[in-house]
Amino acid sequence: RNFLQKVLLAGGSDSPYSRAMRGQITLSQLFSEMEEGCRQHASASGIVLPPTFSVSRAFEEMAAKGTVNAPLLQAARVLRRNGFKTGVLTNNWVDDSAGRLFTATLMNLLRRHFDLVIESCQLRAQKPDPEIYTYALDALQAKPQEVIFLDDIGENLKPAREMGMATILVRDTETVLKELEELSGAYPVLLTPQLLTQEEPLPTACDPSNVTHGYVPIRPGVQLHFVEMGHGPVVCLCHGFPESWLSWRYQIPALADAGFRVIALEMKGYGESTAPPDIEEYSQEQICKDLAVFLDKLVRSPPRWVPPSCQAKPWLTLGTPNPAAMLTVCPPLPRCPRAVASLNTPYRPADPSVDIVEKMKSYPTFDYQFYFQEPGVAEAELEKDIGRTLKVLIRSTRREVALHPGPLRVRERGGLLVGFPENPPASQILPGPELQYYIQRFEKSGFSGPLNWYRNMQPNWRWALSVKDRKHLEECGHWTQMERPAALNRILLEWLEGLPPDTPPPKISRL
């Protein structure tokens, strides 16, 4: 009985377990010492180990059964959104085993959801050593009396309680949530399982500092900037006008947590991606060729595409690589996406008998696109005060009062922003830090590249085709990723999970 535990903890503070928790030995070294310790203990105890006995396999089986407590994770997210700082103190090892990807994925998940994650193997101190609690208090800049500490081992609660922290022994989730709700004190937060699942919570967003940034040269003089997160099948996210890869900040962690390698592009003409001066560089055909090169250089497995939001209209996709464009360009190229989803724009088949320019002129909503056609005109207006431009354009239709006069009669009014407040109220979907990041990107790139996407009407018309499936979100405006992020994440994950399996490549005869 407790055979493995006796071997694991033999030696007290100098046991294989304690040394692994302090980072003095790695996990594979722990396995080796455990194997030897098990043989010695078995021999001394008269126990015959089965021929297939393996410490590493036993650990792998335990890890495979481990799951994250979703209600507690959600509770931590709710508390964090209500002003609480949150942290995780882990007793863990330096994982150099074959299963290290599982450990790395778990730690990345925790870092995205908590303000602080402390690993005992890095700090060289483990629970219940008071040193790790003191370090956490300093890192969170908190006093013990301000802290609620949860753990499923009573021994780990004792030093926290002695230091003055409120403690909760984790046994069953419902009881823990009730105690946590009661202890939230001056900032009462409802954390019952029912309430945690009733509302549409704002998903965890990624930050520019906690994603991997990279650059891919497409051809001489042109490179694309991207960020990525996660491991698994590739999902490529493309933004619209006037946005940034950061518009996908709520989707990137959700897709990564679901087992995908998420690549979010900063599209050509934006931010740190190259902004060539030629208008033809921004046609859908050229954009899609660039994206095919990008994927061929960066990834090996066929990607799934979720292309951008803006610039695509009911009968036309302007400036953004629509699904049809990417699927059409792929067959002769080495990298072809398996599936495509497009947001915000109800696509219809292109009709070659329609003069797209005349068709668009008949819809007042599209007048702003004709205002964009003369190079330099819209740039001067939009770049005059980038903060004002973004606060006017990027607003939620369901969380805040829309500003007027909207996109109608833009040329008649003399500009896209004419008639809007000089100091518009802050946008609830593009708050302070995110707004500043957007401003920095447009200060770097300007608006010429983004506007050039609109200056390819006729070439792009030949690329407009249809998509297979549509979903509709009520009470949602144009900025879907930021207005209804939780609902969008559910739709995307259901769509991705429902895709057919990869088709094996055709066999080619060597004769």
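Structural notes, computed from the coordinates. (Residues numbered from 1 in each chain as written. Predicted model: local features only at pLDDT ≥ 70, side-chain atom pairs only at ≥ 80, totals over all residues. Heavy atoms only, no water.)

A few points about the overall build of the protein chain
As a reminder of what qualifies: Secondary structure elements follow DSSP: runs of H or I no shorter than four residues count as helices, runs of E no shorter than two count as strands, and numbering proceeds from the N terminus. Using a 1.4 Å probe on the protein chains alone, a residue whose accessible area is under 20% of its type maximum counts as buried, one over 50% counts as exposed, and one in between counts as partly exposed. Any two residues having at least one pair of non-hydrogen atoms within 4.5 Å are treated as being in contact. Accessibility throughout is a Shrake-Rupley quantity obtained with a 1.4 Å probe, and a residue counts as covered only by protein chains that appear here.
Broken down by element type, the protein chain carries 24 helices and 12 strands. Every one of the 511 residues in the protein chain was classed for burial, and the buried ones make up 49%. Pairs at least 24 apart in sequence give 73% of the contacts found in the protein chain among residues at least 6 apart. For the protein chain, the exposed area adds up to about 25600 Å²; of that, 54% sits on carbon and sulfur atoms.

Let's talk about helix H5 (residues 70-81)
Cut-off, in case you're wondering: The span expected for a helix works out to 1.5 Å for each residue beyond the first.
Look at H5: 17 Å from first C-alpha to last across 12 residues, which is about the 16 Å you get at 1.5 Å a residue. Buried residues of H5: Leu72, Leu73, Gln74, Ala75, Ala76, Arg77, Val78 and Leu79, and no others. Once H5 ends, the next one or two residues include glycine 83, with phi positive near 100°.

Section: the environment of serine 445
The cut-off we apply is this: Under the rule applied, a polar contact is a pair of N or O atoms within 3.5 Å (in protein, one hydrogen donor and one hydrogen acceptor; residues adjacent in sequence only if both atoms are side-chain atoms).
Here serine 445 is to be found in helix H20 (residues 432-445). C-alpha separation for the pair serine 445 and lysine 268, spaced 177 residues apart in sequence, amounts to 9.8 Å. Not counting chain neighbours up to four residues away, the residues in contact with serine 445 comprise Gly269, Tyr270 and Gly271. Here the side chain of serine 445 touches glycine 271 through a polar contact of 3.3 Å, landing on its backbone nitrogen.

As for the pattern of salt bridges
Stated formally: Whenever Lys or Arg places a side-chain nitrogen within 4 Å of a carboxyl oxygen from Asp or Glu, that contact is recorded as a salt bridge.
For the coordinates displayed, the defined rule picks out 18 salt bridges. Across the pair arginine 219 and aspartate 290 runs a salt bridge whose closest N-O atoms are separated by 2.6 Å. With arginine 219 in strand S5 (residues 212-219) and aspartate 290 in helix H13 (residues 284-298), this residue pair connects regions lying 71 residues apart in the sequence. Overall, the relative accessible area of 27% leaves arginine 219 in the partly exposed class. For aspartate 290, a relative accessible area of 5% puts it in the buried group. Bridged by salt links that share partners, the residues Arg219, Lys268, Glu281 and Asp290 form one connected network.

Section: the pairing of strand S4 (residues 166-169)
Spelled out, the test is: Each pair of strands is called paired provided DSSP finds at least two bridges between the two strands.
Bridging between strand S3 (residues 148-151) and S4 involves four bridges; their strand directions are parallel. Bridge pairing in S4 links isoleucine 148 to alanine 166.

Examining the pairing of S3
The criterion, for reference: The crossover handedness rule: strands pointing away from the viewer, path from first strand over the helix to second strand clockwise, crossover right-handed.
Every second residue of S3 is oriented toward a common face, the buried set being Phe149 and Asp151 and the non-buried set Ile148 and Leu150. Where the polypeptide runs from S3 across helix H9 (residues 154-162) and back to S4, its parallel neighbour, the crossover connection is right-handed.

Here's the deal with the environment of glycine 240
The topology assignment puts glycine 240 in the loop between strand S7 (234-237) and helix H12 (251-257). The spacing of glycine 240 and leucine 343 is 103 residues in sequence and 9.9 Å in space, taken between C-alpha atoms.

Details of the packing of helix H18 (residues 386-393) against H20
Basically, it comes down to this: Think of each axis as a best-fit line through the C-alpha atoms, taken over the contacting stretch in the case of a helix, with angles from 0 to 180 degrees between the N-to-C directions. Put simply, angles under 35 degrees are roughly parallel, angles over 145 are roughly antiparallel, angles from 65 to 115 are roughly perpendicular, and the rest are oblique. Handedness of a crossing is defined here by the sense of rotation of the near helix relative to the far one, left-handed for an anticlockwise turn of less than a right angle and right-handed for a clockwise turn. Classification convention: Asp, Glu, Lys, Arg as charged; Ala, Val, Leu, Ile, Met, Phe, Trp, Tyr, Cys, Pro as nonpolar; all other residues, Gly among them, as polar.
Running from N to C, H18 and H20 point in directions that differ by 120°, and their axes come no closer than 9 Å. Considered as vectors, H18 and H20 are oriented oblique to each other. The element H18 and its partner H20 pack so that their crossing is right-handed. Taking contact as the criterion, the partners of Ile386, Gly387, Leu390 and Lys391 in H18 are, on H20, Leu435, Tyr438, Ile439, Phe442 and Glu443. Here the residues of the contact of H18 with H20 sort into six nonpolar, one polar and two charged.

Topic: the packing of aromatic side chains
Convention followed: For this analysis, a ring pair means two rings from Phe, Tyr or Trp (six-membered ring only for Trp) whose centres lie within 6.5 Å, classed as stacked if their planes differ by under 30 degrees, edge-to-face if by over 60, and tilted for the remaining angles. To sit over a ring, a charge needs its Lys NZ or Arg CZ within 6 Å of the ring centre and within 35 degrees of the ring normal.
What the rule picks out here adds up to 17 aromatic pairs. Between tyrosine 282 and tryptophan 453 the ring centres are 6.5 Å apart and the planes differ by 50°, which places this aromatic pair in the tilted class. One end of the pair, tyrosine 282, is in the loop between strand S8 (261-266) and H13; the other, tryptophan 453, is in the loop between helix H21 (448-452) and helix H22 (457-461), with 171 residues separating them in the sequence. For tyrosine 282, a relative accessible area of 0% corresponds to the buried category. On the basis of relative accessibility, which here comes to 1%, the residue tryptophan 453 falls in the buried class. Measuring from centroid to centroid gives 4.5 Å for phenylalanine 442 and phenylalanine 447, while their planes differ by 10°, and the two rings are stacked. Each member of the pair, phenylalanine 442 together with phenylalanine 447, is buried. Here lysine 268 stacks its cationic end above the ring of tyrosine 282, 5.7 Å away from the centre of that ring.

Some words on the side chain of arginine 22
Filter applied, for reference: Two residue types count as positive, namely Lys and Arg, and two as negative, namely Asp and Glu; His and chain ends fall outside the count.
Of note, arginine 22 is situated in the loop between helix H2 (16-21) and helix H3 (27-45). Aspartate 14 provides the closest opposite charge to the buried, salt-bridge-free arginine 22, at an N-O distance of 4.7 Å. In this structure, arginine 22 is in contact with Ser13, Ser120, Cys121, Arg124 and Gln126, ignoring residues within four places of it in sequence.

Looking at the side chain of serine 120
Considering the arrangement of structural elements, one finds serine 120 in helix H7 (residues 120-123). Here serine 120 falls in the buried class, since its relative accessible area comes to 0%. Aside from chain neighbours lying at most four places away, what touches serine 120 is Met21, Arg22, Thr90, Asn91, Asn92, Ala125, Gln126 and Ile132.

Considerations on the nonpolar core
It is characteristic of soluble globular proteins that their nonpolar side chains tend to be buried jointly. For the record, the criterion: To qualify as a nonpolar core, a set must consist of buried Ala, Val, Leu, Ile, Met, Phe, Trp, Tyr and Cys residues joined through side-chain atoms within 4.5 Å.
Formed by 69 residues in total, the largest nonpolar core has its most connected members in Trp245, Ile252, Leu265, Phe294, Phe372 and Leu390. Those residues in contact with phenylalanine 294 that lie beyond four places of it in its chain are Val216, Ile218, Leu224, Phe226, Ile263 and Leu265. Counting 15 residues, the second-largest nonpolar core is a separate cluster that includes Ala125, Ile132, Tyr133 and Val147.

So, unusual backbone geometry
Following lysine 127, the chain continues into proline 128 via a peptide bond in cis, with omega recorded as 10°. With respect to the element layout, proline 128 can be found in the loop between H7 and helix H8 (130-140). Even without being glycine, glutamine 141 reaches a positive phi, approximately 55°. In this fold, glutamine 141 is placed in the loop between H8 and S3.

Some thoughts on H20
For an α-helix the count is 3.6 residues per turn, leaving residues at separations of three or four pointing the same way. Helix length check: H20 (14 residues) gives 20 Å between terminal C-alpha atoms against 20 Å at 1.5 Å per residue, within 8%. Along H20, the positions that sit buried rather than exposed are Glu434, Leu435, Tyr437, Tyr438, Ile439, Arg441, Phe442 and Ser445. In this structure, the buried side of H20 is in contact with S5, strand S6 (222-229), S8, H18, H21 and helix H23 (480-483). At the C-terminal side of H20, glycine 446 shows a positive phi close to 75°.

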